2 protein chains.
Amino acid sequence: MANIRSFKPKKFPKLNIGFTPNRPQTTEISMVNDKLFVNKQSLPFSSSKGVLRLTPLGGVGDVQKNMYVYEYGNDIVIVDCGVGFPDDAMPGVDLVIPDISYLRDKKDKIRGIVITHGHDDHIGGLPYLWPELNVPIYSQKLTCGFIKGKFTEHNLPKDQIKALNINDTIKLGAFNISFYQAAHSIPDSTGIILQTPVGIIVHQADFKIDWTPVNGQVTDVGKLARFGEQGILLMAIDCLRVEKQGYTLSEKSIEGTFAQVERDTQGKVIITMTSSNITRIQQAVNVASNSGRKLALAGRSMENNFQIARDLGYLDVQSGLLIAQEEIKRFPDNKLIILMAGAFGQPESALARAANYDHKFVQLKKKDAVVFSADPIPSAEVDQGRLIDRLTTLGCKVYYSAMTSDLHVSGHAASEELKLMLGLAKPQYILPIGGNYRHMRVFSEMAQGLGYKEDQILLPVDGDMIDVGKNQTKINGHVNVSNVYVDGLGVGDVGSIVLRDRQQMSEEGVVIVIASIDQQTSQLASDPDIISRGFVFEKESEELIEAAKGIVKSLFRDRKDGKLDWRYMRHEIEENLNKFFYQETKRNPLILPFIVEV
Amino acid sequence: MANIRSFKPKKFPKLNIGFTPNRPQTTEISMVNDKLFVNKQSLPFSSSKGVLRLTPLGGVGDVQKNMYVYEYGNDIVIVDCGVGFPDDAMPGVDLVIPDISYLRDKKDKIRGIVITHGHDDHIGGLPYLWPELNVPIYSQKLTCGFIKGKFTEHNLPKDQIKALNINDTIKLGAFNISFYQAAHSIPDSTGIILQTPVGIIVHQADFKIDWTPVNGQVTDVGKLARFGEQGILLMAIDCLRVEKQGYTLSEKSIEGTFAQVERDTQGKVIITMTSSNITRIQQAVNVASNSGRKLALAGRSMENNFQIARDLGYLDVQSGLLIAQEEIKRFPDNKLIILMAGAFGQPESALARAANYDHKFVQLKKKDAVVFSADPIPSAEVDQGRLIDRLTTLGCKVYYSAMTSDLHVSGHAASEELKLMLGLAKPQYILPIGGNYRHMRVFSEMAQGLGYKEDQILLPVDGDMIDVGKNQTKINGHVNVSNVYVDGLGVGDVGSIVLRDRQQMSEEGVVIVIASIDQQTSQLASDPDIISRGFVFEKESEELIEAAKGIVKSLFRDRKDGKLDWRYMRHEIEENLNKFFYQETKRNPLILPFIVEV
């Protein structure tokens, strides 16, 4: 084998997103405390005739990669910086991050990134985009803990990650920013209040109303109501679950289900859930503790998040309860609860590996129970179903949502909760966020049912620029945003052409034609080679391949004499073989002709 | 362009499924009427000590491609012959059909194919497999109509498709076969009763209990109960919806929803549903008729099925109600109901084309309503959601299941209905069919709750051979069944290697290396060419490609003198580049090295 280490290309890939990294820090920040809020004089409320511009780079008409740019004069504040997950039109892509080209010529204006909560669709873009933006990141303690975990993995400095208390206020240029607590499926979720020269804006990302949350963090409707009384100009608000009538159930209802499964199970109890759902993990911890079972963790995301949350005081785990994975085999099955990553059936997850006899420490047996405490997102439904089937064939008793409704509750507000929030905030304008376009439309209809006029509800798409002025707000222009794909180590080096090729090859295969030609005569020096991959079994279709070779030969034979136009000949081969293969097979493989001079 | 028509390879593809087609018809059939049934003496019930073998080739642990082989002595009867739909591990595959290798050496024994109902997962395999099997096909009138439609499309003879009445009995070798009516989401669905030498077997594929079906076809529980009293040895029964508690709603509840939407809509009313759901189409017809709107159809499957059902008397449409697509623009929007194919968001469907301004006759506008009267199967959820979003951006009012529960009812029995069927049939053994393995397990637990012992419920996988004897039944052996893929015109020419290549190329791309070597020295005659597709933008990764060329050059430079071992060198190139690309990009493109002698 050659020594490949001797080749040293410059670090691949190049980031083609923009900005020079590590520019000097120019943002002015002053942290003040809660009291500033009621001191209205300190805010330049009516001193400016300007307009505030809000540009969502991701998160409207799009459940994921939330990122919102608030811009006033020379000041920009960014709210959230999430990732999206690839769909079936993006084969091989690991993640999708927001396109920040819009910020390219505005980098000196950015005063900070404020994060609502610690879910990946709100923080996952930071490791990829922060090196370009290089501004302070503000959020609550646990959220900062999760961000620091990501920055550690990506070898990024963590000194710009600033943990705030819920009552802190920060001044970022023209923006005075404060927070209120929101209940959601991860602790330390917040609503954000931006006091701006044009008025008060509330940014309420993912939340629910839960009067009995496991961690005591209820949505602070009182604080929101106080601002509602002052007058809120615009409220951006989570619309994902607007289609559901009534109220979302309390998180607290889950613990009873876990306890019941524990009592009914003679073997191990395996519980899988989104591994950032710390309060649900707490409930599993409680059941382990009350039942006398030991607790073990399996899966990198589960172990990481458990440790971050426990270190920061968000998990209450009695000492001695948690055992190492290596200890699992030293305890009888009926003395074990194992929390495993892989609730959506991800093929590389700890649970999927255990289901395929491929986990070093967790062997599943007939009397074990596996609890799926998470509803799959639509794109994960097939994978989750497949994993449930696989676990069933092992003889495990599997508990999942299609069987019973008490295994999972949503972290998002249903329609009555949304109405309550609008009733408290009484915003003049509403921007439904964090949902697909259909959810935004249903939200608009619901709000109109409350007396709002249609033009008070904004339904932009990603990249629309919303001008927010006193008593008037409208979509006014559009900036191009495209998906930026992360694939392996590459960020932005996979684009639509690469994806189109991947999709064509995946559906139709590839046919490679190598024609060796004589330098003198420009005629074939030998029969062309035709090799296919992903198209047909070559052995079973020799006749087809032979006929294709015949076509290539005839193209050379029939051509006029003179110098060979390589480009033209490649095109001819491609076109003729395309036509031939489609006629014979109704397939369109990607045809790659090569001409080699001998 | 070369004249590609001058190449005449033998008809591609070769079918690699087995059998010589068009063998002489040897099956003995006698059709008798209802009365035979109660004449027990005519059946050789206790005359044989033999064993009946039931081999599911598809449909157990597998929702689709239902196909069951019932075999006794020298007689085989096949029940159903369906297709499956590809999942994301089968890129480019159009359909999956059952693997009938097991039947290869038994073709003379096959007495007929009996079809339960006309859904594609029960009849869709016929056009591909019947030419090999070439035996009579028996079913009810509408089912035969749908099969004839398929045979016409595939240029197959239709004389072996035999339409029966519900009370007909047929004798196929050792099997006396009769039917009873079952309610389902397509008319003329049946349960099948096989009177065999070892006892009575009931084959109850997809059904529900619906006391008020739109077409009057209730499940004939009385007939089933009569056989139950005689003693049923084995019952194969639909388990797909066993997870749902209680009862499935009646189909009749849908018409009210359609009528309400019609009243609320000022523009066109578009309704989309599975196009074989004839009774639901009837309800839309009724609403059109009662509201004074005209009815139009769009989409090939919708038009075909509507016509077949109407011609056979399964749809009651007053004359003058149905207008041609070309007439749509001559009527005001509020005088139109259009039934469109595409309920699962299929990208090529009529509805998806209309949503993208690409339908010749249907233009969608702001005041139009679009009703999705079908819940997506899991693999279609993403596509359906995308289409709903797209329609919403056009301003249409879209009605779909997540918003309200009265747009669709299932065609499958929920758990209380299944218990009722078991209570009537009282089978000694039970085989849950038509579901995934998890559904079979839940069914087993439900049956055990009714007093069955675990070993009375059979949980085989496709290909397991079930020996059914008097008072004992067990899984006894296994025959290999693999998926047979239909891709374009090819049946069975795409296998797991082709699919693996497709998947790798789709996720990681392909890198082609062409090394021209000097015949004399076995050294490179020039720099190697490296071309990638679906891997990275080549322009943006010149350094990477240059470094890869360097690796190939060094492999030739470093090798010992002597004759070049082409196979070894290709392997070396592949291995070294794999390692290099993974190290630099964390991707594993498919590497295809070619060595050309100059």
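All values derive from a computational prediction rather than experimental measurement.

Rules and cut-offs
Residues numbered from 1 in each chain as written. Chains lettered and ligands numbered in written order. Predicted model: local features only at pLDDT ≥ 70, side-chain atom pairs only at ≥ 80, totals over all residues. Heavy atoms only, no water. Salt bridge = Lys/Arg side-chain N within 4 Å of Asp/Glu carboxyl O. Helix = DSSP H or I, 4+ residues; strand = E, 2+ residues; numbered from the N terminus. Buried < 20%, exposed > 50% of the residue type's maximum accessible area, 1.4 Å probe, protein only. Contact = heavy atoms within 4.5 Å. Polar contact = N/O pair within 3.5 Å; in protein donor to acceptor, adjacent residues only side chain to side chain. Least-squares fit on C-alpha atoms with pLDDT ≥ 70 in both. Pairing = 2+ DSSP bridges. Core = buried A, V, L, I, M, F, W, Y, C linked by side-chain atoms within 4.5 Å. Axes fitted to C-alpha atoms, helices over the stretch in contact; angles between N-to-C directions. Parallel < 35°, antiparallel > 145°, perpendicular 65-115°, else oblique. Left-handed = near helix turned anticlockwise from the far one by under 90°. pLDDT = per-residue confidence, 0-100.

Q: Whenever I open this one, the pattern of salt bridges confuses me. Can you help?
A: Two side chains bearing opposite charge may form a pair once their charged atoms approach each other closely. All names here are of chain B. Going through the model one piece at a time under the given rule, you end up with 48 salt bridges over all chains. In this structure, Asp-462 engages Lys-65 in a salt bridge whose closest nitrogen and oxygen atoms are separated by 3.9 Å. One end of the pair, Asp-462, is in the loop between α11 (437-449) and β20 (464-469); the other, Lys-65, is in the loop between β2 (52-58) and β3 (67-72), and 397 residues separate them in sequence. Each member of the pair, Asp-462 as well as Lys-65, is classed as buried. Here Arg-293 ties to Glu-262 by a salt bridge, and the two come within 2.7 Å at their closest N and O atoms. Pair noted here: Arg-293 is in the loop between α6 (278-291) and β15 (294-298) and Glu-262 is in helix α5 (residues 253-264), with a separation of 31 residues, a long-range link. Take Arg-293: its relative accessible area is 2%, and that puts it in the buried class. Note on Glu-262: relative accessible area 13%, which makes it buried.

Q: Looking at this model, I keep getting lost on the interface of chain A and chain B. Mind explaining?
A: Frequently, the measure chosen for interface size is the accessible area removed from exposure when the parts meet. Between chain A and chain B, the residue contacts involve 94 residues of the former and 94 residues of the latter. For the pair chain A and chain B, the interface holds eight salt bridges. Across the pair Glu-454 of chain A and Lys-366 of chain B runs a salt bridge whose closest N-O atoms are separated by 3.7 Å. At the junction of chain A and chain B, the tally comes to 20 residue pairs in polar contact (both at pLDDT 80 or more). Looking at the side of chain A that touches chain B, the elements that each hand over two or more residues are α9 (381-393), α11 (437-449), α12 (496-508), β24 (510-517), β25 (529-533), α13 (542-558), α14 (566-585) and β26 (590-597) of chain A. The greatest single-element share of the side of chain A that touches chain B, amounting to nine residues, is contributed by α9 of chain A.

Q: Just to check I follow, could you spell out the relation of the copies chain A and chain B for this structure?
A: When chain A is fitted onto chain B, the two copies agree to an RMSD of 0.2 Å after a turn of 180° and an axial shift of 0.1 Å. Here the symmetry operator amounts to a two-fold rotation axis. The rotation axis passes nearest to the C-alpha of Val-598 of chain A in chain A, at a distance of 1.9 Å. Looking at chain A, 100% of its interface residues are interface residues in chain B too, so the copies touch through the same face.

Q: Please clarify how the pairing of β26 of chain A should be interpreted in this entry.
A: All names here are of chain A. Within β26, seven of the eight residues are buried, which leaves the element mostly enclosed by the surrounding structure. Across eight bridges, β24 lies against β26 in parallel orientation. Across the sheet, the residue bridging to Ala-515 is Ile-595, located in β26.

Q: Can you walk me through the nonpolar core in this structure?
A: Nonpolar side chains in soluble globular proteins generally cluster together in the buried interior. Tyr-70 and Ile-177 of chain A are the most contacted members of the largest nonpolar core, which totals 87 residues. Leaving out residues up to four positions away in the same chain, Tyr-70 of chain A has contacts with Leu-52, Arg-53, Leu-54, Asp-75, Ile-76, Val-77, Val-79, Phe-175, Leu-194, Ile-201, His-203 and Ala-236 of chain A. One finds Leu-54, Phe-179, Ile-201 and Val-242 of chain B within the second-largest nonpolar core, a separate group that totals 86 residues.

Q: Help me understand the sheet that holds strand β22 (residues 484-487) of chain B in this model?
A: Residue and element names in this part refer to chain B. Taken together, three strands build an open sheet; the order of strands is β5-β22-β23 and the sheet is antiparallel. Lying at the two open borders of the sheet, with one neighbouring strand each, are β5 (95-97) and β23 (490-491). Of the strand pairs in this sheet, β22 and β23 are connected by two bridges, and their pairing is antiparallel. Bridge assignment links Asp-487 to a residue of β23, and that residue is Gly-490.

Q: In this structure, what is going on with the packing of helix α10 (residues 415-425) of chain B against α11 of chain B? I would like to understand it.
A: Residues and elements named next belong to chain B. Here α10 crosses α11 at 55°, and the two axes come no closer than 11 Å. With respect to α11, the axis of α10 lies oblique. The hand of the α10/α11 crossing is right-handed. Residues Ser-415, Leu-418, Lys-419 and Leu-422 of α10 lie in contact with α11, whose contacting residues are Phe-443, Met-446 and Ala-447.

Q: Sorry if this is basic, but what is going on with the confidence of the model for chain A here?
A: A low pLDDT means the predicted coordinates there should not be read in detail. All names here are of chain A. Confidence along chain A averages 87 in pLDDT terms, with 91% of residues attaining 70 or more. A low-confidence stretch, residues 1-48 (pLDDT under 50), is modelled with 114 contacts involving residues beyond four sequence positions or located in other chains. The ipTM for the predicted assembly is 0.77, set against a pTM of 0.80.

Q: When you look at the environment of Met-569 of chain B in this model, what are you seeing that I'm missing?
A: All names here are of chain B. One can find Met-569 in helix α14 (residues 566-585). According to the relative accessible area criterion, Met-569 is buried, its value standing at 4%. Along the backbone, Met-569 and Pro-593 are 24 residues apart, and their C-alpha atoms lie at a distance of 9.0 Å. In this structure Met-569 touches Leu-555, Phe-556, Arg-559, Leu-564 and Ile-595, once residues within four positions along its chain are discounted.

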